[in-house]
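Here is what each chain is made of, one letter per residue.
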Number of protein chains: 2
Amino acid sequence: MTDIRQAPIGVFDSGLGGLTVAREIMRNLPTEKIVYFGDTARVPYGNKSKETIIRYSRQIVRFLQTQEIKAIVIACNTATAYALDVLQEEVDVPVIGVIESGAHMAVDSTRNKQIGVIATKATISTHVYTDTISRMDPEINVISQACPLLVPLVEEGWIHDQITDEIIMRYVDDLIEHDIDTLILGCTHYPLLRSEMRKLLGDRVTLVNPAYETAKALEQLLTEKDLRNIMPKAKDEPTPYRFFVSDDSERFADFANSILPIDVKSAKIIPIEEY
Amino acid sequence: MTDIRQAPIGVFDSGLGGLTVAREIMRNLPTEKIVYFGDTARVPYGNKSKETIIRYSRQIVRFLQTQEIKAIVIACNTATAYALDVLQEEVDVPVIGVIESGAHMAVDSTRNKQIGVIATKATISTHVYTDTISRMDPEINVISQACPLLVPLVEEGWIHDQITDEIIMRYVDDLIEHDIDTLILGCTHYPLLRSEMRKLLGDRVTLVNPAYETAKALEQLLTEKDLRNIMPKAKDEPTPYRFFVSDDSERFADFANSILPIDVKSAKIIPIEEY
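Residues numbered from 1 in each chain as written. Chains lettered and ligands numbered in written order. Predicted model: local features only at pLDDT ≥ 70, side-chain atom pairs only at ≥ 80, totals over all residues. Heavy atoms only, no water.

Looking at this model, I keep getting lost on the overall build of chain A. Mind explaining?
Along its length, chain A carries eleven helices and ten strands. Whereas a compact globule of 275 residues would reach a radius of gyration of roughly 19 Å, chain A reaches 18 Å, a difference of no more than 12%. By principal-axis analysis of the C-alpha atoms, chain A measures approximately 55 × 40 × 40 Å. Within chain A, the fraction of its 275 residues that count as buried is 61%. When contacts within chain A are restricted to residue pairs at least 6 apart in sequence, those whose partners lie at least 24 apart make up 77%. By element, 48% of the accessible surface of chain A is carried by carbon and sulfur atoms, the whole surface being about 11500 Å². Taking the 29 positively charged and 41 negatively charged side chains of chain A as two groups, their mean positions are separated by 4 Å. (Helix = DSSP H or I, 4+ residues; strand = E, 2+ residues; numbered from the N terminus. Rg over C-alpha atoms; globule rule 2.2 N^0.38 Å. Buried < 20%, exposed > 50% of the residue type's maximum accessible area, 1.4 Å probe, protein only. Contact = heavy atoms within 4.5 Å. Areas by Shrake-Rupley, 256 points an atom, 1.4 Å probe, with all protein chains shown as cover. Lys, Arg positive; Asp, Glu negative; His and termini not counted. Charge placed at Lys NZ, Arg CZ, Asp CG, Glu CD.)

Please explain the relation of the copies chain B and chain A as it appears in this structure.
Here chain B sits on chain A after a turn of 180 degrees about the axis and a move of 0.0 Å along it, with an RMSD of 0.0 Å. Those values place the two copies in the arrangement expected of a two-fold rotation axis. Of the C-alpha atoms belonging to chain B, the one lying closest to the rotation axis is found on B:Arg42, 2.6 Å away. A symmetric contact is evident, with 100% of the interface residues of chain B recurring at the interface of chain A. (Least-squares fit on C-alpha atoms with pLDDT ≥ 70 in both.)

Honestly, the sheet that holds strand 7 (residues 182-185) of chain A in this entry has me stumped. Any pointers?
Note: strands within a sheet are paired through backbone hydrogen bonds, in either parallel or antiparallel orientation. Residue and element names in this part refer to chain A. Strand order across the open sheet formed by four strands is 6-5-7-8, with parallel pairing between neighbours. Bordering the open sheet on either side are strand 6 (141-146) and strand 8 (206-208), each of which pairs with just one other strand. Sheet twist, expressed as the mean angle between neighbouring strand axes with direction ignored, is 20 degrees. Across three bridges, strand 7 lies against strand 8 in parallel orientation. Residue pairing for strand 8: Ile184 is matched across the bridge by Val208. Strands strand 5 (114-119), strand 6 and strand 7 of the sheet are contacted by helix 6 (residues 128-136), whose axis makes an angle of about 165 degrees with strand 6. (Pairing = 2+ DSSP bridges. Axes fitted to C-alpha atoms, helices over the stretch in contact; angles between N-to-C directions.)

Honestly, the packing of aromatic side chains in this entry has me stumped. Any pointers?
By convention here, two paired aromatic rings are described through the distance between centres and the angle between planes. Summed over all chains, the structure comprises 14 aromatic pairs over all chains. Here the aromatic rings of A:Phe63 and A:Tyr275 are separated by 5.5 Å at their centres, their planes lie at 80 degrees, and the arrangement is edge-to-face. Residue A:Phe63 is located in helix 2 (residues 50-66), and its partner A:Tyr275 is located in the segment after strand 10 (268-269); the two are separated by 212 residues in the primary sequence. For the pair B:Phe63 and B:Phe244, a centre-to-centre distance of 5.0 Å together with 70 degrees between the ring planes defines the contact as edge-to-face. Note that B:Phe63 is positioned in helix 2 (residues 50-66) and B:Phe244 in strand 9 (residues 241-245), a separation of 181 residues in sequence. The rings of A:Phe37, A:Phe63, A:Phe244 and A:Tyr275 are connected pair by pair, giving a single aromatic cluster. The side chain of B:Arg42 reaches across the aromatic face of B:Tyr56, ending 3.6 Å from its centre. (Phe/Tyr/Trp six-rings, centres within 6.5 Å; stacked < 30°, edge-to-face > 60°. Lys NZ or Arg CZ within 6 Å of the ring centre and 35° of its normal.)

Whenever I open this one, the environment of A:Lys50 confuses me. Can you help?
With respect to the helices, strands and loops of the structure, A:Lys50 is situated in helix 2. For the pair formed by A:Lys50 and A:Ile159, sequence separation is 109 residues and the distance between their alpha carbons is 30 Å.

Please clarify how the interface of chain B and chain A should be interpreted in this entry.
Of the residues lining the interface, 28 residues belong to chain B; the matching set on chain A comes to 28 residues. Taken together, the two surfaces of chain B and chain A that pack against each other cover about 2500 Å², and 48% of this comes from carbon and sulfur. The tally of links between chain B and chain A comes to eight salt bridges. With its nearest N and O atoms 4.0 Å apart, the salt bridge here joins B:Glu156 to A:Lys121. Taken together, the connections running from chain B to chain A amount to twelve residue pairs in polar contact (both at pLDDT 80 or more). Elements with a minimum of two residues in the side of chain B that touches chain A: helix 2, helix 7 (150-156) and helix 8 (162-177) of chain B. In terms of residue count, helix 8 of chain B provides more of the side of chain B that touches chain A than any other element does, five residues in total. Across the side of chain B that touches chain A, the residue classes break down as twelve nonpolar, three polar and 13 charged. (Buried area = accessible area lost by both parts, 1.4 Å probe. Salt bridge = Lys/Arg side-chain N within 4 Å of Asp/Glu carboxyl O. Polar contact = N/O pair within 3.5 Å; in protein donor to acceptor, adjacent residues only side chain to side chain. Nonpolar A, V, L, I, M, F, W, Y, C, P; charged D, E, K, R; others polar.)

I tried to follow the state of the cysteines on my own but got confused; where do I start?
Covalent bonding between the sulfur atoms of two cysteines defines a disulfide. All names here are of chain B. Under the criterion given, the structure shown has zero disulfides over all chains. Cys187 provides the cysteine sulfur closest to Cys147, a residue in no disulfide bond, and the two sulfurs are 9.0 Å apart. Residue classification places Cys187 among the buried positions, given a relative accessible area of 7%. (Disulfide = S-S within 2.5 Å.)

Written out as C-alpha cells, the structure is:
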C-alpha cells in the first residue's frame, strides 16, 4: 500500500463487546477502513491476570500488523487497563484505549464531583479509572463497582428483563448511596444495557459511554498524525470492514448485526495462539 | 516410578468447577493421588466450539502426561461432550468423562421416564445426554435446558440468593412443565447450587450429580485395569494432591477450600498454550 492514510484501523476486544466501539468509529469516521478482531476463544478477559492479558494482547497486535493497520484501538477496558502502556511502547503505530477518553468525559460532566465506575473485576482491581480521574481533578471522588454478571446477561440476551434490572440495581445501589451524578460504563458490553440503566437511574445521572469518546479521540489522533483517510469511498469498492475472531461464534453475525449499521455475514477464524 | 499403581490420577476441567469431581474422588478413593488442572486462563468452555475444546483438551493431556498419570478424568461436561472420544483414541492411559455415569444414574432413578438435563450451551448443543440416555432406554424422554448464567452466578458467590432462585426457576420452568422426576446437573459448577435446587424443586425431583457417579465409575475402572493404589498412605507422606492452573486465580484457594475436605494453599501456574 503506497498511502499509509488508506490503511485500515485495527480494533480489538476480548470478544464482541468491542463492536460498540467499532460502531462509533464507523459513525464518526465513515471513510476509515476497520479490521476488527474479537478474541472469542478466550473471552472473557475480565477475570484474568495482567500477565495473561498482556500476552493475549501482544498476539492480537502481531495478527493486526499482518493486516497493515495504521493505528490500533484497544476496544476493551480490561486490555486497556493492563496492556495499553506496554503496547504503546512496543508497537510502531499509534495505540489508543478506551479509558482516558471515558475518564475525560466524566470529569467534564460531573457537577458534584461524585463519579461512579462500573466494570469487570480486572478493570476495577487496577484502579485505572480512579487514578486517571484523580490526575485530572484530585477533588473528584470515584466510587467503583465490579459487575461480573452483566456481560453474561448481555450475552444471554436478557437485556430488557426484570432479573437484569434487579441485578443492575444491586450493583449500583452503593453508587446511588454515594450520590453519584455521573456513571462511566467501563466495559464495552455495558452500553447495550444503557436504556435499562437510564430507566433505573433516571435523568439525574449522566451515563458516559467511553466508546463514543474513544471514536472522537481517534479522529483527533489521526488528524494530528496526518493519518486520516481523505479519499472518498469509490462506489464499487468492497466493504471496508473486515471481521476476525479466534473461535467460531455462531452468535457473531446476530450480535454484530444487532449493533452495527452495516450487514455482517460472518467473521474469519484466526488461530490466535500461533501469533 | 516403578509401580504404576502408585501414579496419580489426572483430573482436568475448564476451571474450578471440576473440583467437585476431585472432591468425590478424594472421598471415594482416599489412597489415590490426584493431579488437578484447571484451565482458568481460558474458562469458560461452555460457549466455545468443538475444534477449540479438542485443541485445549489435547494441550492439557500433554501436560498431565508430564506428571506420569495412570488415568485421566475429564471433570468437565463440555470437554467430555466434545473431546472424550478423541482422547480415548489418542491417549495410552484410560480416560473417562462425567457424562456416561451421570446418564446411567438418571436412567436408574427415573420412574416416569421424564429426565431433565441442565448444562452449558455447548454441552446441550451436542445432545450428548439425550443420545446417551436414548441408547440406554429409548422410551425415556430427555428435556434439555442450557443455563449460561449459572456458572457466573456461582463464581460471583451468589449461591443462596433470591436473584439466583429466580434465574434457576426461569431455566427449569419448562422442565417442570414436562413433569420431570429426575434432573441431571450437567455442569460441574451446578452441584454447588444443589441445596437451592432442592429447595425450589422439592423432593419429587431426584437431583443427579455426575461427579459422585464418576468417582464410582473411576473406582470400577481402576479395579478392572489393576490400577488401584493399594499402598496405605505413610504418616509423614506429603499431601498426595497437586493443583495446577493456567492463570493466576486469586479465588483458587478460597474456592478450593470451600469445596475440598483438605486445606489448599495455592496452585502452580502452567503456560498451557506451550503444551
